[in-house]
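The chain contents come next:
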Amino acid sequence: MNHLYPIFLKVHQLNVLLVGGGFVGTEKLSFLLKSSPEAHVTAVAKEFNPEFLELAHSAPHVTLIEDVYHEKYLGGKHIVIAATNFPEINKQIHDEAKERFILVNVADTPTLCDFYLGGIVTKGNLKIAISTNGKSPTAAKRLRELFEEVLPEEIDDLLENLNAYRATLKGDFEYKVKAMNEITGMLVVKERV
């Protein structure tokens, strides 16, 4: 059973440390920036591959540090992603982050993760996160592709209209919830036999 609690973080208001500048590091940075283009990321690696550098240079808040990992880079960070090619270094990053109560993700090591970077579908203001509990990132990717295909582009217009309607409602919280439930009920109308 999946016991994960999904949350949506305002990564542009947090400080992220990404350790590793190879293929996996590039994948993690790409995922972060796709979901949150204004993410504040400090990337530390002995060297960065060309794809990583291209991605980092296109983002306004990515800082590159060419160096080996050192615990000092954890200072002031809220989230850490360990994506080196060395399991012992990734474990060290995990342990030192945990000592500081920093959330950590160790690439390809679910047992050392406080969170997973799942599949994300974004259509305007709508964002859907997909988790396979770390079991199959590929399945999450395929489900993301499916949702991107079946969700209409106009879904954002619907959300804007619902927001405008909600702003016109008078009354207490309970009344507003009831009114919004009634109007959005049409989204899940089931045929009755």
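Our subject is the structure listed above.
Because the structure is predicted, anything quoted here is derived from the model rather than measured.

Some details on the overall build of the protein chain
At step 1: For the protein chain, the helix and strand inventory stands at 6 helices and 7 strands.
At step 2: Sequence-ordered secondary structure for the protein chain, helices as α and strands as β, is β-α-β-α-β-β-α-β-β-β-α-α-α.
At step 3: The buried share of the protein chain, taken over its 193 residues, is 32%.
At step 4: Long-range pairs, those at least 24 residues apart, make up 55% of the contacts in the protein chain between residues at least 6 apart in sequence.
At step 5: Surface accessibility of the protein chain: about 12,800 Å² in total, with carbon and sulfur atoms responsible for 56%.
At step 6: Distance between charge centroids for the protein chain: 5 Å, based on 21 positive and 26 negative side chains.

Regarding a nonpolar patch on the surface
At step 1: Residues Leu143, Leu146, Phe147 and Val150 make up a contiguous nonpolar surface patch of roughly 330 Å² in combined accessible area.
At step 2: Within the secondary structure layout, Val150 lies in helix H4 (residues 137-150).
At step 3: Overall, Val150 belongs to the exposed group, its relative accessible area being 53%.

Looking at the pairing of strand S1 (residues 15-19)
At step 1: Taken across its 5 residues, S1 has 4 buried, putting it largely inside the fold.
At step 2: Bridging between S1 and strand S2 (residues 40-45) involves 5 bridges; their strand directions are parallel. Looking across to S2, one finds that Leu17 is bridged to Thr42.
At step 3: Crossover connection from S1 via helix H1 (residues 23-35) to parallel S2: handedness right-handed.

Notes on the packing of helix H5 (residues 155-168) against helix H6 (residues 173-184)
At step 1: Relative orientation of the contacting elements H5 and H6 amounts to 150 degrees, with a least axis distance of 10 Å. H5 and H6 meet at a crossing whose hand is right-handed. Here H5 contributes Leu162, Tyr165 and Arg166 to the contact with H6, which in turn contributes Ala179, Met180, Ile183 and Thr184.
At step 2: Looking at side-chain class alone, the contact of H5 with H6 contains 5 nonpolar, 1 polar and 1 charged residues.

Analysis parameters
- Per chain, the residues get numbers from 1 upward, laid out in the order the sequence is written.
- Note on the predicted model: pLDDT of at least 70 is required for a residue's local features to be given, and 80 or more for side-chain atom pairs to be given and counted; whole-chain, interface and lining totals, by contrast, use all residues.
- Only hydrogens and water are set aside; all other atoms, that is, all heavy atoms of the structure, feed into the side-chain values.
- Secondary structure elements follow DSSP: runs of H or I no shorter than four residues count as helices, runs of E no shorter than two count as strands, and numbering proceeds from the N terminus.
- The rule is simple: take the accessible area with a 1.4 Å probe, protein chains only, and divide by the maximum for that residue type; under 20% is buried, over 50% is exposed, in between is partly exposed.
- Pairs of residues are marked as contacts when any of their non-hydrogen atoms sit within 4.5 Å.
- Note on areas: Shrake-Rupley, 1.4 Å probe, and residue coverage restricted to the protein chains presented here.
- By the counting rule applied here, Lys and Arg register as positive and Asp and Glu as negative, while His and the ends of each chain are not counted.
- Charged groups are reduced to one reference atom each: NZ for lysine, CZ for arginine, CG for aspartic acid, CD for glutamic acid.
- Nonpolar side chains (Val, Leu, Ile, Met, Phe, Trp, Tyr) within 5 Å and like charges within 9 Å form the patches, drawn only from residues with over 30% relative accessible area and no salt bridge.
- Salt bridges are counted wherever a side-chain nitrogen of Lys or Arg sits within 4 Å of a carboxyl oxygen of Asp or Glu.
- The rule for pairing is simple: two strands pair if DSSP sees at least two bridges between them.
- Handedness is read with the strands pointing away from the viewer; a crossover is right-handed when the path from the first strand over the helix to the second is clockwise.
- Only the stretch in contact is used when fitting a helix axis, every axis being a line fitted to C-alpha atoms; angles between N-to-C directions are given from 0 to 180 degrees.
- Crossings are sorted by hand: turned counterclockwise from the far helix by less than a right angle, the near helix makes the crossing left-handed, and turned clockwise it makes it right-handed.
- Under the grouping applied here, Gly and all other residues not named as nonpolar or charged are polar, the nonpolar ones being Ala, Val, Leu, Ile, Met, Phe, Trp, Tyr, Cys and Pro and the charged ones Asp, Glu, Lys and Arg.

Functional significance is not addressed by these values, which are geometric in nature.
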